[in-house]
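Residue-level structure breakdown
Letter by letter, the chains look like this.
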Amino acid sequence: MAVWIQAQQLQGDALHQMQSLYGQHFPIEVRHYLSQWIEGQLWDAIDLENPQEEMKAKRLLESLIQELQKKAEHQVGEDGFLLKIKLGHYASQLKSTYDRCPLELVRCIKHILYTEQRLVREATNSSSPVGSLMDSMSQKYHQINQGFEELRVLTQDTENDLRKLQHNQEYFIIQYQESLRIQAQLSSLATLPPADRQLREPSLLSKRATVESWLTREANTLQKYRLGLAEKHQKTLALLRKQQTVILDDELIQWKRRQQLAGNGGPPEGGLDILQSWCEKLAETIWQNRQQIRRAEHLRQQLPIPGPIEELLTELNSTITDIISTLVTSTFIIEKQPPQVLKTQTKFAATVRLLVGGKLNVHMNPPQVKATIISEQQAKALLKNENTRNESSGEILNNNCVMEYHQTTGTLSAHFRNMSLKRIRRSDRRGAESVTEEKFTILFESQFSVGGNELVFQVKTLSLPVVVIVHGSQDNNATATVLWDNAFAEPGRVPFIVPDKVLWPQLCEALNMKYKAEVQSNRGLSEENLVFLAQKAFSSSCVNPEDYRNMTMTWSQFNRESLPGRNFTFWQWFDGVMELTKKHLKPHWNDGAILGFVNKQQAQDMLMSKPNGTFLLRFSDSEIGGITIAWVAENPNKAERMVWNLMPYTTKDFSIRSLADRISDLNHLLFLYPDRPKDEVFSKYYTPPLSKAVDGYVKPQIKQVVPDGDPMLDADGDFDLDDTMDVARHVEELLRRPMEGQWSGQQS
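Residues numbered from 1 in each chain as written. Predicted model: local features only at pLDDT ≥ 70, side-chain atom pairs only at ≥ 80, totals over all residues. Heavy atoms only, no water.

Along the backbone of the chain there are 24 helices and 19 strands. Within the chain, buried positions represent 45% of all 748 residues. Only carbon and sulfur atoms are counted for the fraction: they give 50% of the accessible area of the chain, which is about 38,900 Å². (Helix = DSSP H or I, 4+ residues; strand = E, 2+ residues; numbered from the N terminus. Buried < 20%, exposed > 50% of the residue type's maximum accessible area, 1.4 Å probe, protein only. Areas by Shrake-Rupley, 256 points an atom, 1.4 Å probe, with all protein chains shown as cover.)

So this is what it looks like as structure tokens:
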């Protein structure tokens, strides 16, 4: 994570210390607008005590001023105009301040960065996961930037060698022309009288011998220069491949993995700005080296000298083309994924982006991107380079889009805003697989030309797997397929293979991530909650979390096979809990008022040691998306206390009356477990009392009651709300009906 992002989150004294680092000598606005560039330079590589390092410092000052001027030029609009003037002023100010002493600029920025890092480290505590993560990321960024510095030095070195070679070759050609002129003069002597010929010939022969000797020696030198240059290019390309592997196979793949987990509710994958800057640096360095290799090839053609150089240059050309091809095809990515549960006839969006588009001037001939939906089998064939004959598995409307270049951000992207899946063609399903387990993907493809049509690339990228549904009732099971795929897919897998079984702790991590995201809560699933879920998933009574550590859960157990004695799966039950909590119980879950993941027996054991009127809220075992109230009270038929359970509430019930109001209605509920007075917990959520009658009309009011006596109890002491709420529901239905003529007549 960039230090500047962390520094802006400092508070109190640390924030004041950070702000005091800036002033006329280095304005804070420069730090803000050039934060990425500043943190990307190798300030530590410059020895402040060595005057010979001044040239390096001078280059950094010039680059800083160029970056500021570039940032100023890109400002638009009314606010942008003022910022443009301000940044331009800062560029002039820094130039006049440090032009004669550029090492002082390096000293200043090193001090600023060191102090910011120290303040951030102290604030986050370097022993914490956040601090250690930041340290590892800073180290990783430093290594990448070091790699770019090494590439810059190598590329500059080969550029200097190439110019030297060109200069020497031009001088060689001049001398070669001189040898031809001498040879022509010798040939013309045959037309002269013998006396004149004898007078001039020795001098010309001597000259020719000298020139030819020099040419022979210089031809060997040129050949050595060419071989030396080719070897340096081999070294540069090897480092380029290594740097590209780190950025594309590590950093970009990690970003894609974060994007996949974000589909399950994980933290956002983060912006692409740093990745794009790295990819653009790669593109720039690759292109510079490609041009150098082409110039070396041109010099060889100008002056062919027998030797291995021709083969070496062919190999270098092939390697550099392969490197740039990998870069272009790998950086054509999906910035915003289409929805992974995709309903037919419903509008959806997606964004694709080419991270090197601006640097390679692809936008000069804006490419068009096409989107098609393909099956899992078609995706497999595509990645094997098998001919799929442009097959698709459905029809997407508005599936063509031109890539646009945004100059202020330097991004080249295509925004599909109004796509719609008109129809889908399904394949034959395997065994017990349902339609909600069938995976498709959106294929985005385009064609880019680079370097004035020198190179043309066919590019393709696949979206994360999507499950196509035609009705909202399929959403629950489709989400299960997507959750399992996002959580457990391996990088570089064959589409769309996922393990059939996973360790229970892995599944717990995925469920907790999804639950927090859906409920939009920082309160996730506790260890006790996860033990409850394990007991439900494995039909176990073990209470020790360690007992489940090495247990595995299969996809069938997760969302194919019903739980024992139920007509729903583990996932369907869990998803119902999430939906109910998200729609109606979020504030109470966040307050810690809902224990939720407690079974009937556990509730009984917990409540029996508490005073009468103590109650708790737990999710229903028997009904999807239900929550029940359990409380301890006297049994009127026996001289003993017992735990009573209301029949579960569902979304339908809470659309009539909220949970807080229902708890307020029930006077025999006194203390929320373990011992909090109920009004202290729920009163802020009670509906305010109805206002006085207006125009003589009194508004009807619904109130929940639980009747005394036992006719409403089942054998386990459960109140049947379907009976107790009949009157309330009838009133609610009447209130919701459209007013008919006779009603208005009676009211008047």
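Back to the text.
Within the largest apolar cluster, 81 residues are counted, with the highest numbers of intra-cluster contacts made by I247, V328, F332, L354, L360, F416 and F444. Here this core gets 15 residues from one element, more than from any other, and that element is helix α9 (residues 194–262). Counting residues in hydrophobic clusters, the runner-up holds 61 residues, among them V519, V531, Y548 and V681. (Core = buried A, V, L, I, M, F, W, Y, C linked by side-chain atoms within 4.5 Å.)

Turning our attention to the side chain of S413. Within the secondary structure, S413 sits in strand β8 (residues 411–424). At a separation of 3.4 Å, a polar atom in the side chain of S413 contacts the side chain of H415. (Polar contact = N/O pair within 3.5 Å; in protein donor to acceptor, adjacent residues only side chain to side chain.)

The next thing to look at is empty space enclosed by the protein. Here the structure, examined in full by the defined rule, presents one cavity of 30 Å³ or more. Along its surface, the largest cavity is lined by L165, R226, L229, A230, A296, I309 and L313. The dominant element in the lining of the largest cavity, judged by the number of residues it contributes, is α9, at three residues. Classifying every residue of the lining of the largest cavity by side-chain character gives six nonpolar, no polar and one charged. (1 Å grid on protein atoms, 1.4 Å probe; cavity = no way out; pocket = protein on both sides within 12 Å on 5 of 7 lines; lining within 4 Å. Points joined across faces, edges and corners; volume = space filled by probe spheres on them. Nonpolar A, V, L, I, M, F, W, Y, C, P; charged D, E, K, R; others polar.)

Let us now look at the pattern of salt bridges. Using the criterion set out here, one finds 38 salt bridges in the structure. Put simply, D99 and K95 hold a salt bridge, and the shortest N to O gap is 3.8 Å. Here K95 falls in the partly exposed class, since its relative accessible area comes to 42%. Its salt-bridge partner being D485, residue K439 comes within 2.8 Å of it at the nearest N-O pair. Of this pair, K439 sits in the loop between β8 and β9 (440–450) while D485 sits in helix α13 (residues 475–488), and the two are 46 residues apart along the sequence. On the basis of relative accessibility, which here comes to 9%, the residue K439 falls in the buried class. (Salt bridge = Lys/Arg side-chain N within 4 Å of Asp/Glu carboxyl O.)

Judged by side-chain polarity, F81, L82 and I85 come together as a nonpolar surface patch covering roughly 320 Å² of accessible area. Along the polypeptide, I85 turns up in helix α6 (residues 77–98). (Patch = residues over 30% accessible without salt bridge, like charges linked within 9 Å, V, L, I, M, F, W, Y side chains within 5 Å.)

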